[in-house]
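These are the residues of each chain, in order.
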Amino acid sequence: MTTSAELRASFLDYFEQRQHERVASSPLIPANDPTLLFTNAGMVQFKDAFLGRERRASNRAVSSQRCVRAGGKHNDLENVGYTARHHTFFEMLGNFSFGDYFKREAIEYAWDYLTRVLALPPERLWVTVFEDDDEAAGIWLKEIGVDPQRFSRCGAKDNFWSMGDTGPCGPCSEIFYDHGPSIPGGPPGSPDEDGDRYVEIWNLVFMQFNRDADGNMTPLPRPSVDTGMGLERLAAVMQGVHSNYEIDLFRHLIEAAAKATGCTDLADKSLRVIADHIRSTAFLITDGVTPGNEGRGYVLRRIMRRAIRHGYRLGCSTPFFHTLVEPLAREMGEAYPELRASQSHVERLVKLEEERFAETLEHGMRLLDEAIADLSGDQIPGETVFKLYDTYGFPVDLTADIARERGLTLDVAGFEQAMERQKERARAASQFGSAQTLDIQIQGETDFCGYDRLQEEATIVALYRG
Ligand code: ATP
Ligand code: MG
Ligand code: MG
Ligand code: MG
């Protein structure tokens with residue numbers, strides 16, 4: 001079996017042998033982009049090189065980048081526990097060309113690496129290009145000789161990439177692995193492509209144009225390449241399993257989570273969520289995020305509380321989550337020494353959050369269970385959702401997660417009205433001295449800090465409106 005660690009090393013070696021500078025993963029908090037919540041792709045640390053603002057010693061690079069997609073434009077939090085292929089934290093393998101090679105070499109490298117180095121059978125791979133990209137289509141079909149039966153042209157949603165509304169952009173070409181007809185889902189571009197049979201493993205982005213404020217696209221003088229391949233998805237392919245959660249790395253974490261929670265069913269969804277969330281939690285804390293009520297800290301808190309609630313679902317009402325930091329450091333500490341260095345700090349913060357949430361989790365669950373028992377329809381009332389949020393520290397997405405497990409939805413409009421009323425009360429209180437403000441401070445499960453947390457929650461809630 002090829003382990004995740006071996007695959008990571010093999011990818012880095014392959015491109016290093018082809019004159020790519022081996023660059024370490026950057027932290028999860030982007031150094032050069034205040035608008036980005038977390039590092040969510042390998043290209044983030046190279047943004048300035050792509051924009052031509054930075055000249056690097058080498059115009060080729062390779063990395064294995066730690067990524068978090070749990071907020072902002074890329075948010076996979078809702079997918080965790082529901083798809084075989086999404087994590088909040090994952091590693092993205094990538095090779096990059098800064099104005100050096102372009103489509104032909106990028107495609108040749110990718111195909112050579114997958115079919116020769118890893119010996120994947122071409123008949124299990126499926127390739128897509130952007131609908132207008134005849135150049136890439138020609139390379140795949142005529143030069144590489146990909147079977148037209150396993151090739152499709154797709155629209156801009158999946159196959160056109162841009163850094164922002166303006167700036168570098170260009171078509172992509174993606175490579176999928178076909179896990180076989182026993183798994184539901186159609187090929188890319190088909191109406192039922194959302195199944196997990198065809199799993200996207202590698203995205204090759206060809207940065208070809210510069211888009212101006214009027215939407216005009218002019219060719220870049222030095223087109224570039226940015227690629228990203230999920231290490232866990234590749235490991236699943238190479239280890240002959242369908243789900244990322246069955247690869248070596250996750251098996252060990254899931255076993256540790258089972259032991260910590262006393263759950264004996266290793267296929268239980270909650271164990272997968274917990275194993276996923278300990279990775280994002282530990283790496284976010286290692287990179288300097290602390291659980292809090294706004295911004296990055298609130299995303300972290302939401303991830304942690306979700307994991308803690310899944311432990312509770314498995315019958316665990318005492319702190320357990322922090323005990324998973326040690327097995328994680330054992331699993332990933334070699335590739336990420338910073339994880340080992342921060343282990344005790346991470347354990348302490350996770351345990352504190354567990355203790356803090358334990359005080360209200362049980363009461364909140366009781367309230368929610370009662371509300372659900374009283375339901376006539378299939379919607380949890382907004383008042384209940386708000387009370388859970390406001391008094392018991394249940395982020396709305398946590399309540400939504402529970403609702404989804406039970407085939408229910410949330411009354412989002414009702415929640416928003418309750419939140420509005422709360423704001424009104426706070427506004428009135430701040431006009432009439434401190435007595436009522438104090439009241440709110442005591443009622444809130446954490447320090448009342450103005451509207452930030454409410455605002456944050458409002459943006460999250462908007463996601464559930466669909
Ligand atoms: P998907 O369509 O499956 O959500 P994506 O198109 O959003 O993937 P990209 O933004 O193209 O993904 O990222 C490049 C690669 O990173 C993907 O091809 C995939 O292998 C990997 N990847 C993306 N998101 C995740 C995730 N949440 N968990 C694990 N791997 C991921
Ligand atoms: Mg995605
Ligand atoms: Mg995709
Ligand atoms: Mg993609």
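Remember, it's a predicted structure, so these values are computed and weren't measured experimentally.

Novice: Hey, could you run me through the packing of helix α8 (residues 269-286) against helix α10 (residues 325-332) in this one?
Specialist: Between two packed helices, what matters for the description is the angle formed by their axes and the separation of those axes. It is the contact of α8 with α10, at a shortest axis distance of 10 Å, that shows an interaxial angle of 80 degrees. In terms of orientation, α8 and α10 fall into the roughly perpendicular class. Touching I278, R279, A282 and F283 of α8 are V325, L328 and M332, all from α10. The class makeup of the residues in the contact of α8 with α10 is six nonpolar, no polar and one charged.

Novice: Can you walk me through the coordination of the magnesium ion (ligand 4) in this structure?
Specialist: In an ideal octahedron of six donors the angles at the metal are 90 or 180 degrees, and in an ideal tetrahedron of four donors they are 109.5 degrees. Bound to the magnesium ion (ligand 4) on the protein side are E174 (OE) and E200 (OE), at distances that span 2.0 to 2.2 Å. In this structure, the magnesium ion (ligand 4) lies 3.2 Å away from the magnesium ion (ligand 3), the two metals sharing E200 as a donor. You can see E174 sitting in strand β9 (residues 167-178) and its partner E200 sitting in strand β10 (residues 198-211), a full 26 residues away along the chain. Residue classification places E174 among the buried residues on the basis of a relative accessible area of 3%. By relative accessible area, E200 is classed as partly exposed at 24%.

Novice: Any chance you could explain the site of ligand 1 here in plain terms?
Specialist: Taken together, 16 residues sit near ligand 1, with D76, R85, H86, E200 and N203 positioned nearest. Take H86: an N or O atom from its side chain is 2.7 Å from an oxygen atom of ligand 1. Compared with its free state, where it exposes 590 Å², ligand 1 has 87% of that area covered by protein. Of all elements in the fold, only β5 (89-97), β10 and β11 (217-230) reach the threshold of two or more residues within the shell around ligand 1.

Novice: What exactly am I supposed to notice about the pairing of strand β2 (residues 60-68) here?
Specialist: Within a regular strand, side chains alternate between the sheet's two faces. Across the nine residues that make up β2, a large majority, nine, are buried. Burial along β2 is two-sided: R60, V62, S64, R66 and V68 and A61, S63, Q65 and C67, pointing in opposite directions, are all buried. Relative to β2, strand β1 (residues 21-22) runs parallel, the two sharing two bridges. Across the sheet, residue E21 finds its bridge partner in β2, namely A61. Pairing between β2 and β5: nine bridges, direction antiparallel. Among the inter-strand pairings, R60 is bridged to a residue of β5, identified as S97.

Novice: Can you walk me through the pattern of salt bridges in this structure?
Specialist: Between side chains of opposite charge, a pair can form when the charged atoms approach closely. For the structure on display, the rule yields 37 salt bridges. In this structure, D287 engages R66 in a salt bridge whose closest nitrogen and oxygen atoms are separated by 3.0 Å. Of the two residues, D287 sits in the loop between α8 and α9 (295-313) while R66 sits in strand β2, which places them 221 residues apart along the sequence. Of the residues examined, D287 reaches a relative accessible area of 15% and is grouped as buried. Ionic pairing is found between D397 and R306, a salt bridge with its closest N-O pair at 2.6 Å. Here R306 lies in helix α9 and D397 lies in helix α14 (residues 396-405), a separation of 91 residues in the sequence.

Novice: Is there a simple way to explain the nonpolar core in this structure?
Specialist: The tendency in soluble globular proteins is for nonpolar side chains to be buried as a group. Ranked by size, the top nonpolar core spans 87 residues in total, and within it Y113, L114, W140, I175, W202 and L234 carry the most contacts. Here the element with the most residues in this core is α8; it accounts for nine residues. One finds I308, F386, Y389 and A400 within the second-largest nonpolar core, a separate group that totals 25 residues.

About the criteria used
- Residues numbered from 1 in each chain as written.
- Chains lettered and ligands numbered in written order.
- Predicted model: local features only at pLDDT ≥ 70, side-chain atom pairs only at ≥ 80, totals over all residues.
- Heavy atoms only, no water.
- Axes fitted to C-alpha atoms, helices over the stretch in contact; angles between N-to-C directions.
- Helix = DSSP H or I, 4+ residues; strand = E, 2+ residues; numbered from the N terminus.
- Parallel < 35°, antiparallel > 145°, perpendicular 65-115°, else oblique.
- Contact = heavy atoms within 4.5 Å.
- Nonpolar A, V, L, I, M, F, W, Y, C, P; charged D, E, K, R; others polar.
- Donors = N, O, S within 2.8 Å, 3.2 Å for Na, K, Ca; no water.
- Buried < 20%, exposed > 50% of the residue type's maximum accessible area, 1.4 Å probe, protein only.
- Near = heavy atom within 4 Å.
- Polar contact = N/O pair within 3.5 Å; in protein donor to acceptor, adjacent residues only side chain to side chain.
- Areas by Shrake-Rupley, 256 points an atom, 1.4 Å probe, with all protein chains shown as cover.
- Pairing = 2+ DSSP bridges.
- Salt bridge = Lys/Arg side-chain N within 4 Å of Asp/Glu carboxyl O.
- Core = buried A, V, L, I, M, F, W, Y, C linked by side-chain atoms within 4.5 Å.

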